[in-house]
Amino acid sequence: MGKKNKYKNDAKEEAAPAPQQQPQQQQQQQQAPRAAPAPSQAASTSAAGQQQGSGQQRAQGGQQQGGQQRPQQQQQGGWQQGGQQSTQGGQQGGWQQGGQQRPQQQKQQGGWQQGGQQRPQGQQQGGWHQGGQQRPQGAQQGGGQQRPQGTQQGGGQQAGYPQRGPQGGQQGGYQQRGQQGGQQGGYQQRGQQGGFQQRGPQGGQQGSGGVAIPLPPQTGSIKRGTLGKPGSCGVNYLDVDMSKMPAIAYHYDVTLNPERPKKFYRNAFEVFRVQHLNNKIAAFDGRKSCYSVEKLPNVSGEVEAIDRHGRTVHYTITVKETDNSTVELSSLHNYMKDKIYDKPMRALQCLEVVLAAPCNMRSIRAGRSFFKTSENGARVNLGDGYEALVGLYQSFVLGDKPFVNVDVSHKSFPISMPVTEYISTYALNGRQSDLRNYTLSHWDLTSINSFIRGINIIYEPPKSFGTAPRVYKVNGLSPQIASQQKFELDGKAMTIEAYFSSRNYKLQYPKMQCLHVGPPAKNIYLPIELCRIEEGQALNRKDGANQVSAMIKFAATSTTERKNKIMNLLKYFNHNADPTVSRFGIHIAGDFITVSTRCLLAPQLEYNNSNFKGPMNGSWYMDRCQFLKVNQKSHKWAILNCESSRIPYAKLGEMERLVLNQARNVNVLLEPKADIRNFRDERNLDDHFKELKQKQYDLLFVIIPSRNGPTYDVIKQKAELQHGILTQCIKQNNVERRLNSQLVDNVLLKVNSKLNGINHKIKDDPRTKLPNVMFLGADVAHPSPDQRDIPSVVGVAASHDPFGASYNMQYRLQCGGGGGAREEIEDMDGIVAEHLRVYHQYHKRYPDHIIYYRDGVSDGQFMKIKNLELKGIYVACAKLGIKPKLCCVIVVKRHHTRFFPTAPPHPRNKFNNVDPGTVVDRTIVHPNEMQFFMVSHQSIQGTAKPTRYNVIENTGNLDIDLLQQLTYNLCHMFPRCNRSVSYPAPAYLAHLAAARGRVYISGKKLVRSPKEEYQRHLINPDFMKMNPMYFV
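Notes on the structure follow. (Residues numbered from 1 in each chain as written. Predicted model: local features only at pLDDT ≥ 70, side-chain atom pairs only at ≥ 80, totals over all residues. Heavy atoms only, no water.)

Things to note about the overall build of the protein chain
For the protein chain, the count of helices and strands is 19 helices and 47 strands. Counting only contacts in the protein chain whose residues sit at least 6 apart along the sequence, the fraction spanning at least 24 positions is 68%. Accessible surface, the protein chain as shown: approximately 43,200 Å² in total, 46% of it carbon and sulfur. (Helix = DSSP H or I, 4+ residues; strand = E, 2+ residues; numbered from the N terminus. Contact = heavy atoms within 4.5 Å. Areas by Shrake-Rupley, 256 points an atom, 1.4 Å probe, with all protein chains shown as cover.)

What follows is the structure, encoded as structure tokens:
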């Protein structure tokens, strides 16, 4: 899966309360018959938007069908059919069919009409009409435009975003009116069963957050989607003017000697460029390459660079033309005919180096992001000695044309300060301001070592030494304090304190440890009072829980604030004024582009007794609904509590009553009495597990103590690897402080799935129903950079029910060449063979379709996935003599594309994100790839990140509309919450499977090969067969 987002909490078994929903969601609507299908002219916007209802009167903003009477001032969205009469003041959106008469006082019609209708004078029409209609004088037709009251309509321009697409007024599509009484046209969605209407801001259009415009023509050979409500939004891509860019550039190798220190390479090359390259413009990547649009001589020369501490560093630099020095920049104009893994890579690499030129000298670089140092008084303190810096991410991306993707980045950096200040302020939390007579405890030393190890410090010798400051990397603290730590000098042992005293400097903190710096084999010890932490260090380490929490609070901002941050950074770096950027003939636009969107309809969710729920803004309530399927037996269950938690027995009894009451509401069958037990420690927990397993208990609630007790990892290892018994963990803090019906409801979502139940399914729809399909998800969890001794963990989940709701999992351990991380799954044929066996066990047949969602793969690895993993799937099928149709969809989350609605934010959407279901598959996707972006979730905090989907295999020739709607539907099938999640359930569950694999090896000393270690950590086979979905 690639490196995970470090600001995303690992999904453990902890159930969080669902956010408050609007009261409207809590009303269950009675199911109504489906209306007649829409005529063919509306096929591009999906017939799924049809309103259901017969002789039923809807509330304001609803939809009607049949011989209904609409009250005054009621707004109509969706479509109508039959001989309806709309009273004065009503507004109609969507389309009408039949011979209808509209009164003169009606304001505005959006969508389109069919039939022999008479339009009164003064009426405005948005969208298009058909049939024998008569257009009155002054009637105006407009497409993707936003019209405030009383203003002239025209032009496809939205303030702040250059409009991409046909200029001027567009015919067709939808019209939006920006004041009260404005039209909501097209398909509207509402969180009620039987209708697809969504209530947005009064008079405004909600959907993709922008002006609805017709979809632009396709630019490549791949069919694009058509379903959903059209709209538009801004994207954080900048247009690039390459009209003055030369056709070719030249690539040169750059060698610097000595190789270290590397951080002065740029300063040295800039001096070399002026002195030895006749001041010709060349873009240097800071390592071994430079690019120029004019020929450079093969030359070598000596230069000197001055570091920030005044030291002079001498380099010998050689510039030599590479064997294949010509870079075809013109390839960026004709790449459209190639595949995504055949990008014009050399041209892109060249322009990436050019684009970085104005940023390198004014920022701290980390990957493709450039971070500004914190200004005076504006530091964002994350605690524990770290601060958060804001940076600009920039990268060239290929859509219909090359764009520059710009985004804001956030990263933690160690605060530059004296080491003594770090110890007193952060390591000791201000408990000891005077360190002169303080002795660090064992816990203090552990905390300081974890922070200081691997950090660069600046050693500033006493003035009596007469030497310049110097930078060292810290290995850790010295074993002993300065007054006792000895080293050899001229064959004699001497303490650190005595050495400095002999050179006329008295240590202020002789009872403090020293810093062990430099090569680990050498014993170089420096007093802490003479050292300070170097600024601007981009560390490659995992942040702690405190930093992550503080970072999320700082970084989670609305789309409006995010755009402001990006624009301020672009203004700060001012790319177009840089001589290197100008010399290469490129010019970057000053604002985001605007793209066409489509908002797919959320599926209806079916519960027991044909009760249906319609998601609203990506979530829904279950009230008065029961799970679709439960295991029809009364389950024996127990509650296990660690004695160290000291939870009163009465609290455990309250938990028992709450679980029983809420389980009864959703029809989960539990015995009326739980076995409530206390255990002392891990060994005692083993005894309880063994006894309860012998007594055939079905479910154990285990309360994880806050301290002094078994951890989550230990509990799962014992329960699932050794004893084979089902557990549901709950944190002690949640039992003591947050125990309520809402928390228990969330826990029961997981419990029912673990007990082989099905919480809900997608309402049957012939347009997205695939017969006999197995959904497959895969992910690979890699260790963090400071945990390279841990192997990568493969997690694969596959469905074994008809609805894509029940899954079983496999995990594996693997390493790449040289012990590094390996992204491709090695044992794919063995894993898939096991999943096919389980599928056949439930269905008595093998699947006809396999839909494979693969998470965490970069563009450059697509061919490896095709050649290794897909080949493994085919091999597994061939061994069974079957040939199912395979569709492989790569799920990409590690990108910096964001959507920015053009409409003003609604109070219920405080982060101003686009609506769930928003799809973009034009303009910013590769013209010859089946690719699309989708926002399927409502972001709880911050700017929603779209998920990018790349279809790299499609032997069944599944239609893109079917794939997009199916993918969106599967985002509603994640069993742990009543919310649509950010990517499909098979991929999400594969992530959980990989996370569970890491739990199994947590705290273990792994000395054998990954395959041998896997055999030592096999899951209990009877347990997997009995409860295949135990891992949710």
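Now that the structure has been shown, we can carry on.
Regarding a positive patch on the surface
On the surface, Arg260, Lys262, Lys288 and Lys473 cluster together to form a positively charged patch. Tracing the chain through its elements places arginine 260 in the loop between strand E14 (248-257) and helix H1 (265-276). A residue is classified by how much of its surface remains accessible, and arginine 260, at 65% relative accessible area, is exposed. (Patch = residues over 30% accessible without salt bridge, like charges linked within 9 Å, V, L, I, M, F, W, Y side chains within 5 Å. Salt bridge = Lys/Arg side-chain N within 4 Å of Asp/Glu carboxyl O. Lys, Arg positive; Asp, Glu negative; His and termini not counted. Charge placed at Lys NZ, Arg CZ, Asp CG, Glu CD. Buried < 20%, exposed > 50% of the residue type's maximum accessible area, 1.4 Å probe, protein only.)

Looking at helix H13 (residues 741-754)
Here H13 spans 20 Å end to end across 14 residues, near enough to the 20 Å set by a 1.5 Å rise per residue. Within H13, 11 of the 14 residues are buried, leaving the element largely enclosed by the surrounding structure. Residues of H13 that are buried include every one of Leu743, Val744, Asn746, Val747, Leu748, Leu749, Lys750, Val751, Asn752, Ser753 and Lys754, and no others. In this structure, the buried residues of H13 make contact with helix H9 (649-666), strand E36 (699-704), helix H11 (712-723), strand E37 (727-731) and helix H12 (732-737). Backbone nitrogen of glutamine 742 and a side-chain oxygen of the N-cap are separated by 3.2 Å at the start of H13; the cap is asparagine 740. (Expected span 1.5 Å × (residues − 1). Polar contact = N/O pair within 3.5 Å; in protein donor to acceptor, adjacent residues only side chain to side chain.)

Considerations on helix H17 (residues 985-1001)
With 17 residues, H17 extends 25 Å between its outermost C-alpha atoms, agreeing within 8% with the 24 Å of an ideal straight helix rising 1.5 Å per residue. With 15 of 17 residues buried, H17 is to be regarded as a mostly interior element. Following H17 by one or two positions, glycine 1003 adopts a phi angle in the positive range, close to 75°.

Digging into the sheet that holds strand E32 (residues 605-607)
The three strands are arranged E33-E32-E38 in an open sheet whose pairing can be described as antiparallel. Either end of the sheet is taken by a strand with one partner, and the two such strands are strand E33 (611-613) and strand E38 (761-762). Bridge count for E32 against E38 is two bridges, and the pairing is antiparallel. Bridge pairing links glutamate 606 to lysine 761 in E38. (Pairing = 2+ DSSP bridges.)

Some remarks on the packing of helix H10 (residues 682-694) against H11
If you want to describe how two helices pack, look at the angle between their axes and the distance between the axes. Running from N to C, H10 and H11 point in directions that differ by 40°, and their axes come no closer than 11 Å. By the angle between their directions, the pair H10 and H11 is classed as oblique. Here H10 and H11 pass one another in a crossing that is right-handed. Across the interface between the two elements, Glu682, Leu685, Asp686, Phe689, Lys690 and Lys693 of H10 pack against Val714, Ile715, Lys718, Ala719, Gln722 and His723 of H11. (Axes fitted to C-alpha atoms, helices over the stretch in contact; angles between N-to-C directions. Parallel < 35°, antiparallel > 145°, perpendicular 65-115°, else oblique. Left-handed = near helix turned anticlockwise from the far one by under 90°.)

Quick word on the packing of H11 against H17
Following both chains from N to C, one finds H11 and H17 inclined at 95°, their axes separated by 8 Å at the closest point. By the angle between their directions, the pair H11 and H17 is classed as roughly perpendicular. In this structure, H11 uses Tyr712, Asp713, Lys716, Gln717, Glu720 and Leu721 to contact H17, whose residues at the interface are Arg996, Val999, Tyr1000 and Ile1001. Of the residues belonging to the contact of H11 with H17, the class tally is five nonpolar, one polar and four charged. (Nonpolar A, V, L, I, M, F, W, Y, C, P; charged D, E, K, R; others polar.)

Some points on empty space enclosed by the protein
All told, the structure shown has 12 cavities of 30 Å³ or more when counted by the stated rule. A volume near 220 Å³ is recorded for the largest cavity. Along the walls of the largest cavity sit 15 residues, with Ile762, Thr768, Lys769, Phe803 and Leu966 positioned nearest its centre. Per-element accounting of the lining of the largest cavity gives the leading share, three residues, to helix H16 (residues 960-970). Classifying every residue of the lining of the largest cavity by side-chain character gives nine nonpolar, two polar and four charged. (1 Å grid on protein atoms, 1.4 Å probe; cavity = no way out; pocket = protein on both sides within 12 Å on 5 of 7 lines; lining within 4 Å. Points joined across faces, edges and corners; volume = space filled by probe spheres on them.)

Remarks on the pairing of strand E31 (residues 587-599)
Taking burial as the measure, the 13 residues of E31 include 10 buried ones, the bulk of the element. Relative to strand E45 (residues 918-920), E31 is paired through two bridges, and the arrangement is antiparallel. Directly across from arginine 598, in E45, lies its bridge partner valine 919.

Observations regarding the packing of aromatic side chains
According to the stated counting rule, one finds 25 aromatic pairs in the structure shown. Look at phenylalanine 487 and tyrosine 499: their rings are 5.6 Å apart centre to centre, the planes differ by 85°, and that puts the pair in the edge-to-face class. In this pair, phenylalanine 487 is assigned in strand E26 (residues 486-489) and tyrosine 499 in helix H5 (residues 496-502), connecting sequence segments 12 residues apart. A ring pair is formed by tyrosine 983 and tyrosine 988, whose centres lie 4.7 Å apart and whose planes are at 5°; its orientation type is stacked. As far as the burial class goes, tyrosine 983 and tyrosine 988 line up, both buried. Aromatic ring contacts, followed pair by pair, group Phe465, Phe487, Tyr499, Phe500 and Tyr505 into a single cluster. (Phe/Tyr/Trp six-rings, centres within 6.5 Å; stacked < 30°, edge-to-face > 60°.)

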